[in-house]
Structures are given as C-alpha cells and as structure tokens.
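Examination of the molecular architecture
Read off the chains here:
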Amino acid sequence: MFFMTVASPAPQDGALLDSCIARIAAGEQEALSQLYDKVRPAVYGFALSILKNAHDAEDVLQDTLLQVWQAAGSYHSHGKAMAWVMTITRNLSYDRLRQRARTESLGDEDWLEQLADRPAVTHEDRLTLAALLESLSPEEQQIVTLHALTGLKHREVAALLELPLATVLSKYARALKKLQHAWKEAT
C-alpha cells in the first residue's frame, strides 16, 4: 500500500499565524513575510486546485497576501487563521474564474511544483502522486489536497468548498479508495 508522509501544520502554527496576523494589523511587514512563508504552499495549492492554471494561482497567492495585509485589523482570533486565509483564497480564486470564464488543464508539473518544497516528499513520491491524482475527479483532488497538504480538518474543507461535511467525508474516503486501487494497479 502507498503512503506518503506530508507534514501537517503543527498545533502551535495556529498560534503563530494568529500572532502574525495581529502584527500585520499593527503594520509590521516582517510579520507578512513570516505569514507568507507559512501559508504559501497551502494557498498556492488550493488556488491551483480551483484555477487549474499556475500563473493564475500565483496571482491569487499574491492577492491573498495583499488582502490579508488590508483586512488584518478586522480578523478576530479564534485559532482559525489558516481557515480565514484559505477562505480569502477561495473567494479570490472563484472571482478569477468568473473573470476568466474558462480554465486551463492542470499539468503534472504544476502538482509537482506544489510539492517541491516539502522535504518529506521525495521526487519519486511527487511523480507517483502526480500519476495517482489523475485517477481522481477535480473535486476529489481539491478535497485530498486541502486535507493532506494544508492540514485543514474535513469540516474546514467542507466550509471552504461550500459542501456538506458528509459529502466531503464520503468523497475523501472514495478518493482514498481510488488512490489505493490506482496504486495497486501501478505496482
């Protein structure tokens, strides 16, 4: 059976992100840089899963950080800083989709790029994952990506994708079965 180790955000990361946002609200640019370092892979990956275009995902990443900078003063800390940032990302991504009215196909190299800065994920893991993800629907790819790469809980994924929790749980379980089946066929 194929298992890939992806480091989930540590519990203290929530407090760190809350702290960064509070410092951003106070106008501290270094805090924005710190936040960027922590959320970049998750924000980029989520935007990429929606937009299917690396350049648009990069633009949404930058726009998300700009919006965080502008809205940090209105953020109320409840230990859900990542969910707040990902909600901004989702909204900006859908805005971009509406503006473009079309999407481009997500290439393997885009998924590989998303995982490139994860030290726990080897080059072979990235190639295998790219091949396995092809067996999933775009929505299943989003759910797996959000849960596995960003560390969001299923209920947070459900809120971001505006789906019932039961739907997210069943699609996640189905996606895992598809991945396991694809893995068995590949080996």
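1. Here's the deal with helix 4 (residues 81-100)
The first and last C-alpha atoms of helix 4 sit 29 Å apart over 20 residues, in line with the 28 Å expected at 1.5 Å per residue. Three or more residues of helix 4 are buried, namely Ala81, Met82, Ala83, Val85, Met86, Ile88, Thr89, Arg90, Leu92, Ser93, Arg96 and Leu97.

2. Quick word on the nonpolar core
The biggest cluster of nonpolar side chains holds 48 residues, and the ones touching the most others in it are Leu35, Val39 and Met86. Listing elements by their share of this core, those giving two or more residues are helix 1 (11-25), helix 2 (29-51), helix 3 (54-71), helix 4, helix 6 (123-133), helix 7 (138-150), helix 8 (154-161) and helix 9 (165-186). Top contributing element to this core by residue count: helix 2, with 11 residues.

3. Let's talk about the confidence of the model for the protein chain
Of all residues in the protein chain, 78% have pLDDT values of 70 or greater, and the mean over the chain is 79. Helix 5 (residues 108-115) is the least confidently modelled element of the protein chain, averaging 50 in pLDDT, while helix 3 averages 93, the highest of any element. Confidence drops under pLDDT 50 across residues 102-109; counting only partners more than four residues distant or on other chains, this segment forms 14 contacts.

4. Regarding the packing of helix 2 against helix 4
Helix-helix packing is described using two parameters, namely the angle between the two axes and the distance between the axes. Where helix 2 contacts helix 4, the axes come no closer than 9 Å and their chain directions differ by 30°. Crossing geometry of helix 2 relative to helix 4 is assigned as right-handed. Contact residues: Val39, Ala42, Val43, Phe46, Ala47, Ile50 and Leu51 in helix 2; Met82, Val85, Met86, Thr89, Arg90, Ser93, Tyr94, Arg96 and Leu97 in helix 4. Taken together, the residues of the contact of helix 2 with helix 4 sort by class into 12 nonpolar, 2 polar and 2 charged.

5. Quick look at the packing of helix 8 against helix 9
Helix 9 packs onto helix 8 with a crossing angle of 110° between their chain directions and a minimal axis gap of 8 Å. Classed by the angle they form, the pair helix 8 and helix 9 counts as roughly perpendicular. By crossing handedness, the relation of helix 8 to helix 9 is classed as right-handed. Residues His154, Arg155, Val157 and Ala158 of helix 8 form the contact with helix 9, whose participating residues are Leu165, Val168, Leu169 and Tyr172. Partitioned by chemical class, the residues of the contact of helix 8 with helix 9 number 6 nonpolar, 1 polar and 1 charged.

6. Comments concerning the pattern of salt bridges
Counted according to the given criterion, the structure contains 8 salt bridges. Between Arg96 and Asp63 there is a salt bridge, and its shortest N-O distance comes to 3.4 Å. On the criterion of sequence distance, the pair formed by Arg96 in helix 4 and Asp63 in helix 3 is long-range, its members being 33 residues apart. Note that Glu139 is salt-bridged to Lys171, the shortest N-O span being 2.6 Å.

7. Focus on helix 3
For helix 3, with 18 residues, the first-to-last C-alpha span of 25 Å sits near the 26 Å given by 1.5 Å per residue. Among all positions of helix 3, only Ala54, Asp56, Ala57, Val60, Leu61, Thr64, Leu65 and Val68 are buried. Between a side-chain oxygen at the N-terminus of helix 3 and the backbone nitrogen of His55 the separation is 3.0 Å; the capping residue is Asn53.

8. Digging into the side chain of Asn53
Relative to the helices and strands, Asn53 is located in the loop between helix 2 and helix 3. Engagement of the side chain of Asn53 in a polar contact is seen with the backbone nitrogen of His55, the distance being 3.0 Å.

Cut-offs applied
- Residues numbered from 1 in each chain as written.
- Predicted model: local features only at pLDDT ≥ 70, side-chain atom pairs only at ≥ 80, totals over all residues.
- Heavy atoms only, no water.
- Helix = DSSP H or I, 4+ residues; strand = E, 2+ residues; numbered from the N terminus.
- Expected span 1.5 Å × (residues − 1).
- Buried < 20%, exposed > 50% of the residue type's maximum accessible area, 1.4 Å probe, protein only.
- Core = buried A, V, L, I, M, F, W, Y, C linked by side-chain atoms within 4.5 Å.
- pLDDT = per-residue confidence, 0-100.
- Contact = heavy atoms within 4.5 Å.
- Axes fitted to C-alpha atoms, helices over the stretch in contact; angles between N-to-C directions.
- Left-handed = near helix turned anticlockwise from the far one by under 90°.
- Nonpolar A, V, L, I, M, F, W, Y, C, P; charged D, E, K, R; others polar.
- Parallel < 35°, antiparallel > 145°, perpendicular 65-115°, else oblique.
- Salt bridge = Lys/Arg side-chain N within 4 Å of Asp/Glu carboxyl O.
- Polar contact = N/O pair within 3.5 Å; in protein donor to acceptor, adjacent residues only side chain to side chain.

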